[in-house]
Amino acid sequence: NAGVMQNPRHLVRRRGQEARLRCSPMKGHSHVYWYRQLPEEGLKFMVYLQKENIIDESGMPKERFSAEFPKEGPSILRIQQVVRGDSAAYFCASSPISGGASYNEQFFGPGTRLTVL
Amino acid sequence: AQKITQTQPGMFVQEKEAVTLDCTYDTSDQSYGLFWYKQPSSGEMIFLIYQGSYDEQNATEGRYSLNFQKARKSANLVISASQLGDSAMYFCAMRDAGTASKLTFGTGTRLQVTL
């Protein structure tokens, strides 16, 4: 059973370009979370999606960032007109159900390291 | 709002010794879960251990145990018999019932195991 897959693992973009990050959850998982980790910091929640629905986007910057999780295919985190401050590691996690406070491990992917030149 | 505090930016421990990594949290919810993750230099996030707020026993997973003191709102990670491969960043995280499953992370502690 393959784990959470993210691609690309490393992405380099120039300022003003678009970045598209992909996440394929574990088989049977219908809940996807995106987190951002700035250098030397902890992970910060960005968005929580289920198939075709955004459940919680309270951590997403208001502009330039969007996320989707279509009925078919991977979840996509899209960053338009990237700036140097977007350079970070972006992690995707998946879980089989919504956990609330109960034990429900989120399985993390290996992350995408975005570098904006 | 939830908050996780890890006050030790870096820790050193000798091989085979035990080490405690501190974590305190703040939440107004009665129902919540606490997690510890390990992030080695390769960058992936590895789940270590979980403690539920209603669990009466401290969680243990192999060499990892969680010292849960609910009244103090602390959830310290204890690693026994440290190994060189334990050198990594360690993150404490929390999820409560009102936050749609998202995890709130602390800033992490960098652990270095020495010979």
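(A) Geometry of the nonpolar core. Within the largest apolar cluster, 24 residues are counted, with the highest numbers of intra-cluster contacts made by Y25, L34, W36, I49, L77 and Y90 of chain B. Only β3 (19-21), β5 (32-39), β6 (46-52), β8 (64-69), β9 (74-79), β10 (88-96) and β12 (109-114) of chain B provide two or more residues apiece to this core. When residues of this core are assigned to their parent elements, the largest contribution, 4 residues, is made by β10 of chain B. If sequence neighbours within four positions are ignored, I49 of chain B has contacts with L34, F35, W36, A59, T60, E61, Y64, S65, L66 and L77 of chain B. With 23 residues, the next largest nonpolar core counts M60, F65, L114 and V116 of chain A among its residues.

(B) Molecular detail of the environment of T7 of chain B. Within the fold, T7 of chain B resides in the loop between β1 (3-5) and β2 (10-14). A C-alpha to C-alpha distance of 25 Å links T7 of chain B and Y54 of chain B, two positions 47 residues apart in sequence.

(C) Expanded view of the sheet that holds strand β7 (residues 65-68) of chain A. Residues and elements named next belong to chain A. Taking strand neighbours across the sheet as the criterion, the 4 strands line up as β1-β3-β8-β7 in an open arrangement whose pairing is antiparallel. With partners counted over all chains shown, the strands left at the sheet margins are β1 (5-7) and β7, one partner each. Each neighbouring strand pair of the sheet contributes to a mean axis angle of 15°, computed without reference to strand direction. In terms of strand pairing, β7 meets strand β8 (residues 75-79) through 4 bridges, oriented antiparallel. Opposite E68, over in β8, you have I76 as the bridge partner.

Procedures and definitions
Residues numbered from 1 in each chain as written. Chains lettered and ligands numbered in written order. Predicted model: local features only at pLDDT ≥ 70, side-chain atom pairs only at ≥ 80, totals over all residues. Heavy atoms only, no water. Core = buried A, V, L, I, M, F, W, Y, C linked by side-chain atoms within 4.5 Å. Buried < 20%, exposed > 50% of the residue type's maximum accessible area, 1.4 Å probe, protein only. Helix = DSSP H or I, 4+ residues; strand = E, 2+ residues; numbered from the N terminus. Contact = heavy atoms within 4.5 Å. Pairing = 2+ DSSP bridges. Axes fitted to C-alpha atoms, helices over the stretch in contact; angles between N-to-C directions.

That is the geometry; function is a separate question.
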